[in-house]
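Topology and contacts: notes
Here are the chains, one letter per residue:
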Amino acid sequence: MDTVVKPQYNDGVVKAFTLAAIVFLVLGTFFGTYAASELAWPFLNFDTAEITFGRLRVIHTNTVIYAFGGNVLMATAFYIVQRTNGRPLYSNKLAWVQFFAFQAGLLLAVITLALGMSQAKEYHELEWPLDIAVALVWVLFTFNFTMTIAERDKQKVPHIYVANWFFFGLLIMVTYLWVLNALSVPVSLFRSYSLFSGVQDAMIQWWWGHNAVGFFLTAGFLGIMYYFVPKQAQRPIYSYRLSVIHFWSLMFGYVWLGAHHLQYTALPDWVGSLGAVISLAMIIPSWGGALNGMLTLSGAWDRLRTDYILRFLIMSLAFYAMSTFEGPVMAAKSVNALSHYTDWTIGHVHSGALGWVAMVSIGAVYHMTMKLWKTEMYSMSLINFHFWLATIGTVFYIVAMWVSGIMQGLMWRAYDDYGTLAYTFAESVAAMHPYYVMRAIGGILFTAGAAVMLYNMIMTIRMANARQTQLAHA
Amino acid sequence: MANENPWPNEGNTGHIWDEDIRELDYPPPLWWMLAFYAGFVMIVFYALYYPTIPTPTGNTKGLAGWTQMKEYHEDFETLNKWRAEKFAAQEQALTEKSVEEILADKNLVDYAVATSKALFGDYCAACHGAGGAGNVNYPILADDDWLWGGDVNTIYQSLVSGRVGNMPAYGAMLSSEQIGQVTDFVIAMSEGKADSEAFAAGREVYNSIGCAGCHMPDGSGMAALGAARLNDKVWRFSGERAEVMKTIAKGVNAIGEKETRHAVMPAFAERLGDKEVKRLSIYVHSLGGGK
């Protein structure tokens, strides 16, 4: 075998994205926990417009999805694309431009949302100047990522690794759907109106909205799974063929699902039916990813006892499998009639967001931290502690929302002996209180776990830096 | 690369990335493949059964003949039929009789009250509080103090057409000292001390600027105009001195006064229909203060 010269990777910018991600994880889950607490104890908004639930909730979703999720995707995409193509980034400078532009955009996002500037489109609230800025950053990301693959040494790396396919899918789909849903008529610097109206506007919005889930929060994170699960488990991916089939079925399937957010509305019946049936047909393709990840572990299950990072990765796949079953069931019309507009939806989103997206990211970030800073973690037992805080917090959250959501749905449709509604809306709100408290506790646990992680990372990096200084002096 | 496969016997595809990432050549599990194909079969059957496929003139209707509007109407019909079987007589009486006639029939009153809970809770309680207990700046319905009158017909009229309170803003007409004096007099009135000489200055203002015209010289109010009774402990807005001063200075729904108090009861006749408005009138009358 020839002497293999290890390629030099641009890891500085990856480190920056990684740290930013975890800082935003702590902030975003804190905002969410505070918003949840406001629902349980309304006095907590202190009559301050900027932190009322209506604004804080949007700040929470934007911080966790785009600030945490976005930074994780950028960190892992740049980490993976270099390593699986055996070369540094196409442009390290552009990556740094992307880093600073993205963080500046996120800061402005939090400020403008707190001031109440919003397009009022869920998961797409930013007003048009920021909207365009985010799209430009995203195009920059796509360009740098794509060129890194395009300019690889095709002799040494003839095939593109599956993790990169998923990032590709994410980059392309999010670009066009984000831009389509952003089409609007500006009337001033911070006010615009959607180009679409009525049910068309709602359909375009949820075409985007569900793909924020399907591509931003799923495809990219499957890419993460495909790199970090085999790396951490030190096992080969179970089935190449399975990865091909479930990749293409996700790519073709997800774009049909938006309509299931609009069952029993002005949306024509046939559009809702299509949304429902393709959703149901997506259970198996989704499970393909979870299955491929879990079967990769076959023969190495005992490692779960000792490897806390692997625990995060495998627990995330379990939650992924569960929420990709739950979602299609809720898309079916008869279930949707009960579940829609209730807390069940919120619970479903969080079993995906906390259980799948956050946990797979956390596992990946712990793995990357050790590689990037070339060190062991400051404390392995703190990772174990974090694992239990995150898992118990997530379970508290989703169980509370299952109970409260189903109860809400049943209370709204209950009739008394006279054939009139048995409960007023206010009574259904009052009945939610204990579950809102339970949800807030789940949030506190999850946020505490995130804080433990940030502490562990900072101590790890300090430890690594101290060692570097020692080596330099020796 | 292919001839440098360090794991030649594990059945991988021969592609290796980042030193040790590789993929095995296993087929997907059989059950997974079968379920995957079953998904396509399900799509076909679903599309045959429900309206699913767009056509140039609309969409396929589906064998089930289902539409969401049809489902809605059927559910509603089922409920209506069930109600009609058990309560047809009562519902008809509510439709045909006047509120006064309904009030005279004890069984009918009981029925109206029993069927009003969610109606009142969803349409009225947001302002008037659960059980009509009132809210800050919104009238209590469960007492015998009425702005516009508490007989069942007047309550019915309040619901049918709504009410708009009206009191001029005196901020520009009176000095702040005068507003303070008349405020003290009005508060004294509510405490039964209106005759005390200590409030003579306030009484003078009260009588001279026209307060007595609507609220009456003794503060007993005038239901025909919705003018509040002042000589009791019940306050339409607040009995705090600063708040009473605000009411006098800024008025109620006073035109051109930006900080005026708003006091509007919406009209419910079109929104709920006459039968439901009658039902609610009886319910509100029964809350404790009906006359």
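Given the structure is predicted, the values throughout are model-derived calculations rather than measurements. (Residues numbered from 1 in each chain as written. Chains lettered and ligands numbered in written order. Predicted model: local features only at pLDDT ≥ 70, side-chain atom pairs only at ≥ 80, totals over all residues. Heavy atoms only, no water.)

To continue, consider the overall build of chain B. Each helix and strand in chain B was counted, giving 13 helices and four strands. When the backbone C-alpha atoms are referred to their principal axes, chain B occupies close to 110 × 60 × 35 Å. In chain B, which comprises 291 residues, the share counted as buried stands at 40%. Put simply, of all contacts in chain B between residues at least 6 apart along the chain, 53% involve residues at least 24 apart. When the accessible surface of chain B is summed, it comes to about 16,200 Å², and 58% of that surface belongs to carbon and sulfur atoms. (Helix = DSSP H or I, 4+ residues; strand = E, 2+ residues; numbered from the N terminus. Buried < 20%, exposed > 50% of the residue type's maximum accessible area, 1.4 Å probe, protein only. Contact = heavy atoms within 4.5 Å. Areas by Shrake-Rupley, 256 points an atom, 1.4 Å probe, with all protein chains shown as cover.)

On to helix α2 (residues 68–96) of chain B, then. The first and last C-alpha atoms of α2 of chain B sit only 33 Å apart over 29 residues, clearly below the 42 Å expected at 1.5 Å per residue. Along α2 of chain B, the largest kink reaches about 90 degrees and is centred on F87 of chain B. Those residues of α2 of chain B not exposed but buried are Q68, L79, F87, E91, A93 and L94 of chain B. Packed against the buried residues of α2 of chain B are α8 (269–281) of chain A together with α3 (99–103), α4 (106–114) and α13 (274–286) of chain B. (Expected span 1.5 Å × (residues − 1). Bend = angle between axes of the 7 residues up to and from the residue.)

Look at helix α7 (residues 240–254) of chain A against helix α1 (residues 30–49) of chain B: their axes get within 12 Å of each other, and the N-to-C directions meet at 25 degrees. If you check the angle between α7 of chain A and α1 of chain B, you find them roughly parallel. Crossing of α7 of chain A against α1 of chain B: the hand is left-handed. In contact with L242, I245, H246 and S249 of chain A of α7 of chain A, α1 of chain B contributes W32, M33 and F36 of chain B. For the contact of α7 of chain A with α1 of chain B, a count of residues per class yields five nonpolar, two polar and no charged. (Axes fitted to C-alpha atoms, helices over the stretch in contact; angles between N-to-C directions. Parallel < 35°, antiparallel > 145°, perpendicular 65-115°, else oblique. Left-handed = near helix turned anticlockwise from the far one by under 90°. Nonpolar A, V, L, I, M, F, W, Y, C, P; charged D, E, K, R; others polar.)

This brings us to the nonpolar core. Side chains of nonpolar character tend, in soluble globular proteins, to be buried together. Among the nonpolar cores identified, the biggest contains 130 residues, and Y66, F166, F216, F221, I224, F228 and W356 of chain A are the most heavily contacted of them. Of all the elements, helix α6 (residues 198–233) of chain A adds the most residues to this core, at 17 residues. A93, L94, L108 and A112 of chain B belong to the second-largest nonpolar core, a separate cluster that totals 27 residues. (Core = buried A, V, L, I, M, F, W, Y, C linked by side-chain atoms within 4.5 Å.)

Time to look at the packing of helix α14 (residues 380–413) of chain A against helix α15 (residues 425–473) of chain A. Residues and elements named next belong to chain A. It is the contact of α14 with α15, at a shortest axis distance of 8 Å, that shows an interaxial angle of 165 degrees. When the interaxial angle is binned, α14 and α15 end up roughly antiparallel. Judged by the twist between their axes, the crossing of α14 over α15 is left-handed. For the contact of α14 with α15, a count of residues per class yields 29 nonpolar, nine polar and two charged.

A few words now on the interface of chain B and chain A. Counting residues at the interface gives 49 residues for chain B, matched by 56 residues for chain A. For the pair chain B and chain A, the summed buried surface comes to about 4,700 Å²; carbon and sulfur atoms form 66% of the total. Its largest share of buried area at the contact with chain A, chain B owes to W17, W32 and Q68 of chain B, together 14% of the area lost on that side. Our enumeration of links across chain B and chain A arrives at three salt bridges. For the pair chain B and chain A, the interface holds 20 residue pairs in polar contact (both at pLDDT 80 or more). (Buried area = accessible area lost by both parts, 1.4 Å probe. Salt bridge = Lys/Arg side-chain N within 4 Å of Asp/Glu carboxyl O. Polar contact = N/O pair within 3.5 Å; in protein donor to acceptor, adjacent residues only side chain to side chain.)

So, on to the pairing of strand β1 (residues 184–188) of chain A. Examined bridge by bridge, β1 of chain A and strand β2 (residues 191–194) of chain A share four bridges and lie antiparallel to one another. Counterpart to V185 of chain A in the pairing with β2 of chain A is Y193 of chain A. (Pairing = 2+ DSSP bridges.)

Here we come to the side chain of S239 of chain A. If you trace the backbone, S239 of chain A turns up in the loop between α6 and α7. Assessed through its relative accessible area of 0%, S239 of chain A is described here as buried. Within the local environment of S239 of chain A, its side chain forms a polar contact with the backbone nitrogen of R241 of chain A, the two atoms lying 3.4 Å apart. Here the side chain of S239 of chain A touches L242 of chain A through a polar contact of 3.0 Å, landing on its backbone nitrogen. Beyond its immediate chain neighbours, meaning those up to four positions away, S239 of chain A contacts N292 of chain A together with L24, Y26, P27 and P28 of chain B.

What follows covers the pattern of salt bridges. By the definition in use, this model includes 20 salt bridges over all chains. When the shortest N-O distance is used, the salt bridge between D11 of chain A and R83 of chain A registers 2.8 Å. Here D11 of chain A, found in the segment before α1 (12–40), pairs with R83 of chain A, found in helix α2 (residues 53–85); they are 72 residues apart in sequence, far enough to count as distant. The salt bridge involving D18 of chain B is made with K231 of chain A; its shortest N-O contact spans 3.4 Å. Taken together, the residues D18 of chain B in the segment before α1 and K231 of chain A in helix α6 connect one chain to another. Here the two residues D18 of chain B and K231 of chain A agree in accessibility, since each one is buried. What emerges from the salt-bridge pattern is a single network uniting E91, K275, E276 and R279 of chain B.

On to the domain arrangement of chain B. In many reports, interface size means the accessible area that the parts give up when they come together. Splitting chain B by domain gives domain 1 (12–59), domain 2 (90–164 + 267–286) and domain 3 (176–262). Look at where the C-alpha atoms of domain 1 of chain B and domain 2 of chain B centre, and you get two points 59 Å apart. (Domains from an automatic or database assignment.)

Turning to the packing of aromatic side chains, a few remarks are in order. On inspection of all chains with the given rule, the structure shows 51 aromatic pairs over all chains. Judged by centre distance (6.0 Å) and plane angle (25 degrees), the ring pair of W412 of chain A and F425 of chain A falls under stacked. One end of the pair, W412 of chain A, is in helix α14; the other, F425 of chain A, is in helix α15, with 13 residues separating them in the sequence. Residue F425 of chain A is classed as partly exposed on the basis of its relative accessible area, which comes to 48%. Ring geometry for F87 of chain B against Y111 of chain B: centres 5.4 Å apart, planes inclined by 35 degrees, an arrangement best described as tilted. Placement of F87 of chain B in helix α2 and of Y111 of chain B in helix α4 is noted, with a sequence separation of 24 residues between them. By relative accessible area, Y111 of chain B is classed as buried at 6%. Sitting above the plane of the Y50 of chain B ring, K333 of chain A keeps its charged end 5.9 Å from the centroid. (Phe/Tyr/Trp six-rings, centres within 6.5 Å; stacked < 30°, edge-to-face > 60°. Lys NZ or Arg CZ within 6 Å of the ring centre and 35° of its normal.)

Residue and element names in this part refer to chain B. Taken together, V41, V44, F45, L48, Y49 and L63 make up a surface patch of nonpolar side chains, about 640 Å² in accessible area. By the secondary structure assignment, V44 is in helix α1. Relative accessible area serves as the criterion here: at 48%, V44 is assigned to the partly exposed category. (Patch = residues over 30% accessible without salt bridge, like charges linked within 9 Å, V, L, I, M, F, W, Y side chains within 5 Å.)

A word on the confidence of the model for chain B. Overall, the predicted model of chain B reaches an average pLDDT of 93, with 99% of residues at or above 70. Taken over the whole predicted complex, pTM reads 0.91, whereas the ipTM for its chain interfaces reads 0.92. (pLDDT = per-residue confidence, 0-100.)

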